[in-house]
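Tertiary structure, described
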Amino acid sequence: MGEHAGIRVVHRSGSKLNFRPPVITNDSKFLLCASGECVKVFSTSTEECIHNLRGHTDLVTGVHLNPCNHLQSHLFNGTLRLWDFMDGILIKTYLIKYKIYSMYTSAYHKGVIFIIAPVQDSKGSEVFQLLALHLPQSGDQTVEASQLSVVLEDVSSNPAAVSLGRGGEYIASIKCLQLEVFFFKKQKSYRLFLKVDNKKGAKNTFTCVTCHPKDDCIATGHEDGKIRLWRNFNHKKEYTYTTLHWHHSAVASLCFTPEGTNLLSGGVESVLVQWKYRENQRDFLPRLGASITHVAVSPDGALFCCSHSDNKITIIQNCVNVSAVIQGLVRGESARTDLMVDPRTKCLVLNGNPGHLQFYSLQRDKLLYNLDIVQQEFIHELGLQQFEVVNAAFDGPGNWLATVEERRRKAAELELNLKLWAFDEQTQSFVLNTTIVAPHDSQVTDLCFCRASDSQTTLLVSASKDGHFKAWQLAAQTEADGGPSWSCDFVGAYRGLVPECCCFSADGSLLAVSFQEVVTVWSPGSWELLTTLSQPPKSIRNLCFGRLSCSKYLVGTAGHNLLCCWNLLTCSLEWSTSMEVTLLLADPHSDNMAAFCWQDKCTDLFVFKPSEPRPLFSHKAVCSGKVSRAVFAPREEMLESCEESSQWLNRSQLCFLTQNMVNMNSYLPDQCLFFLSVCSCGPVAMTPFYLLLGKHRCQTLEMRDKESSWGSLLQTPAHVLPPTSVLCAMFVESLLVSVTDSREEDEPEEEEMEGENEEDSEENVALRAEPAPLGREMVDSAPLTKAQTRELRRLVKLDHGWFSDLLDS
């Protein structure tokens, strides 16, 4: 089955907020940052997203304010867009032939921006150059900018490696162990070099640079944590520098305040350091939660902001108080837990900060809250083993959350904790109820709740590499106990094999546990082994019970290239197919299943029902990397899709987590959330009701389009609208009725009959070429009289084409 045009993959949420330095507006009321393919505008006081500036088709690689208080954002594929960020309106688009990696603006260089773009050298490797781009003055909305001049050659693509100096007189660039300063008036550059390391073993490699706004001073950060302040750099032999040192690791970002009285620096220590310029004094703002990647200051100096490695932006007032925190999807080293949906809040739940679970809202594209599972302070130190959350599961109503955390030390055994969390109505969060130390003797491979709605008891099953699976049951609450408690109800095993995965049936009457290449089916009521299901000798990796009409089927994946479906009534293999399935999941709100397959370095998606192997939907190359986690998220309102191929998305939307490698200089993998959405239902089925109402429906849609266009025009700010004379002429023309339409309605029947005698008229040609709704025999057998033709024209105008079905019957 081929791909369907009505369904597409949409980037939903979870883009990086820390990809580039954020920008604070002149009045300190808004913060702008690049986020995937759009630019987000946040309120610095309420933390809410005010606008999403959408229009780019590729990764946004920077945001800058120009002197006219408009927003300029540039794009990796070579376009630059000018926005009015207050109203979220695109003003102008500049087309550039180069890929833009970074951009720099200055109030002293009007009409010119500086960009870093790649250039191919003779050896075929990619090197970068700093270019001056002259923006043409044009009234068109789309303008091609082609006037470029080379400023510096062989520069770094890191956006923190270039900075404009005092009054725009010079520009500084760093790369490896070289500092290059180019003076615009002299058209001359000076290069200053450092040794690889000094006698104490310090690493002198440059990491970032910034220039003082009112003094001839350049500040550079280095890998050894030192900051150097360079002066007299217009002389190769007379330059001097002073050294500041507090950071124990590389300096990630530097920024001067607008008046130049303070220098801000940040790194992996999660501490914002404020250095007094020309004074041996510094202040600290510690415990910001994560490593600092970018530091920025508002134009009036009232606000500081830091971007962090956990996809967070912290807004600070005068380096004293944290006034706001804008948190995006937290990017951990890996998503150890499955991608889950909280039954209460409908949020996506997955690993967040170390030792935490994050509850992320897809609808708002915002992190609701973090749940501290480990409840220990995270210590940033390389090689230090700390507790990690590796498994998590919700019960059906969302009253209980089970988590597994583990830590393996070099000289000690594996430490395991199974924790049961109860939902507290007062705090609207989960509270720790039970901690089970060492629930298994080895790693936990799977964890699942019995999610049956009519189940009398709450049951949890955990499988481990120690060769056992255990059933944990919630005991009834008694007055003596003072609260609910959990206990082990059953320990199961099968021939000393290792259980890989487990799952409950929809009604909770069956439990399937896979022991390597054997699938065992148990009865949770009596814990009796009911049957075993065999298949080719390959380890089972995924198991899913069918639901609703397909509840008698059990689907699993084996090895690297086999998808199997068993019939539980006959205890036999129903069908199997050769597919390299990396992830299998079932929709809890329908009888559909989704399988992600890895093939030709791309991931393909297949949606099917276990009752038949033929897929309902397929999507080739849904993403370029492997899909690590996926889940069916319920919709707030059920869709009524008329296209059969998209009906499986009526109740749920398929979300998946992927790893996208950004093809840029040493950037880390970017985790993004995607989901499949119905973009259009396609053509409506040709039923009698469609033939009766089709014409009226088209007219209604045209009227709505006109109304929406004028409505958007009325909501547009007046200073960006065309002149009033143009708008009035357009509005009057939209109200006028065409002359041909009025004649057709008002002319008497005699005039129509005269018009019918013209053999070459467009209407007669249409009647001959198009089969009449009343049957082909009526047209071909004999010529029509004037009365018959008039009656036929009347029927065509009324669009009673559905009579053809009655006559044919």
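Because the structure is a prediction, the values reported are computed rather than measured.

Let us now look at a nonpolar patch on the surface. A cluster of nonpolar side chains, namely Phe731, Val732 and Leu736, defines an oily patch on the protein surface of about 300 Å² accessible area. Mapping Leu736 onto the fold places it in the loop between α2 (724-735) and α3 (739-746). What makes Leu736 exposed here is its relative accessible area of 60%.

This next bit is on the UniProt feature "domain: C2H2-type" (unreviewed entry) in the chain. Summarizing the sequence annotation, UniProt attributes the feature "domain: C2H2-type" (unreviewed entry) to residues 33-56 in the numbering used throughout. Counted over residues 33-56, helix gives 0% and strand 62%. Its end C-alpha atoms are 14 Å apart.

The next thing to look at is the pattern of salt bridges. By the definition in use, this model includes 17 salt bridges. Of the charged contacts in the structure, one is a salt bridge between Arg278 and Asp215, with a shortest N-O distance of 2.7 Å. Of this pair, Arg278 sits in the loop between β25 (272-276) and β26 (282-285) while Asp215 sits in the loop between β19 (206-211) and β20 (218-222); the two residues are 63 residues apart in sequence, bridging distant segments of the chain. Arg336 is paired through a salt bridge with Glu388; the nearest N and O atoms lie 3.2 Å apart. A residue pair is termed long-range when its members are at least 10 positions apart, and Arg336 in the loop between β30 (321-327) and β31 (340-341) and Glu388 in strand β35 (residues 388-394) qualify at 52 residues. Overall, Glu388 belongs to the partly exposed group, its relative accessible area being 36%. When salt bridges with common partners are traced through the structure, they connect Glu48, Arg364 and Lys366 into a single cluster.

We now examine the packing of aromatic side chains. Tallying each qualifying case throughout the model produces 29 aromatic pairs. With a centroid separation of 6.3 Å and an interplanar angle of 25°, the aromatic rings of Phe359 and Phe430 are classed as stacked. Linking Phe359 in strand β33 (residues 356-361) with Phe430 in strand β38 (residues 429-437), this pair joins segments that are 71 residues apart in sequence. A relative accessible area of 5% places Phe430 in the buried class. Here the aromatic residues Phe469, Phe490, Tyr494, Phe515, Trp522 and Trp527 are joined through ring pairs into a cluster of three or more. A cation over a ring is seen here: Lys626 above Trp598, with NZ or CZ 5.4 Å from the ring centre.

Within the structure shown, the criterion is met by 1 cavity of 30 Å³ or more. Each pocket or cavity is described by its volume, and for the largest cavity that value is around 30 Å³. What lines the largest cavity is simply Leu244, Trp275, Glu279, Asn280, Gln281 and Arg282.

Sheet analysis places β31 next to strand β32 (residues 348-351), joined by 2 bridges and oriented antiparallel. Within β32, the residue paired with Met340 across the bridge is Val349. Hairpin connection from β31 to β32: 6 residues lie between these consecutive antiparallel strands, with Lys346 at a positive phi of about 60°. Between β32 and β33, which pair antiparallel one after the other, the connecting turn spans 4 residues, and Gly355 there sits at a positive phi close to 80°.

In this fold, Lys470 is placed in strand β41 (residues 469-475). With no salt bridge to any partner, buried Lys470 finds its closest opposite charge in Asp466, at an N-O distance of 5.6 Å. Excluding its chain neighbours within four sequence positions, the residues that come into contact with Lys470 are Pro439, His440, Leu460, Val461, Ser462, Cys488, Phe490 and Val491.

Nonpolar side chains in soluble globular proteins generally cluster together in the buried interior. Core analysis: the biggest nonpolar cluster contains 19 residues, and Val461, Phe469, Phe504, Leu511, Val513 and Trp527 have the highest contact counts within it. Sorting the residues of this core by element identifies β40 (459-464), β41, β43 (499-504), β44 (511-515) and β45 (518-523) as the ones contributing at least two each. Excluding residues within four positions of it along the chain, Trp527 makes contact with Leu459, Val461, Phe469, Ala471, Asp489, Phe490, Leu511 and Trp522.

Cut-offs used in this document
Residues numbered from 1 in each chain as written. Predicted model: local features only at pLDDT ≥ 70, side-chain atom pairs only at ≥ 80, totals over all residues. Heavy atoms only, no water. Patch = residues over 30% accessible without salt bridge, like charges linked within 9 Å, V, L, I, M, F, W, Y side chains within 5 Å. Areas by Shrake-Rupley, 256 points an atom, 1.4 Å probe, with all protein chains shown as cover. Salt bridge = Lys/Arg side-chain N within 4 Å of Asp/Glu carboxyl O. Helix = DSSP H or I, 4+ residues; strand = E, 2+ residues; numbered from the N terminus. Buried < 20%, exposed > 50% of the residue type's maximum accessible area, 1.4 Å probe, protein only. UniProt positions renumbered as here; feature names shortened; annotations may be inferred. Phe/Tyr/Trp six-rings, centres within 6.5 Å; stacked < 30°, edge-to-face > 60°. Lys NZ or Arg CZ within 6 Å of the ring centre and 35° of its normal. 1 Å grid on protein atoms, 1.4 Å probe; cavity = no way out; pocket = protein on both sides within 12 Å on 5 of 7 lines; lining within 4 Å. Points joined across faces, edges and corners; volume = space filled by probe spheres on them. Pairing = 2+ DSSP bridges. Lys, Arg positive; Asp, Glu negative; His and termini not counted. Contact = heavy atoms within 4.5 Å. Core = buried A, V, L, I, M, F, W, Y, C linked by side-chain atoms within 4.5 Å.

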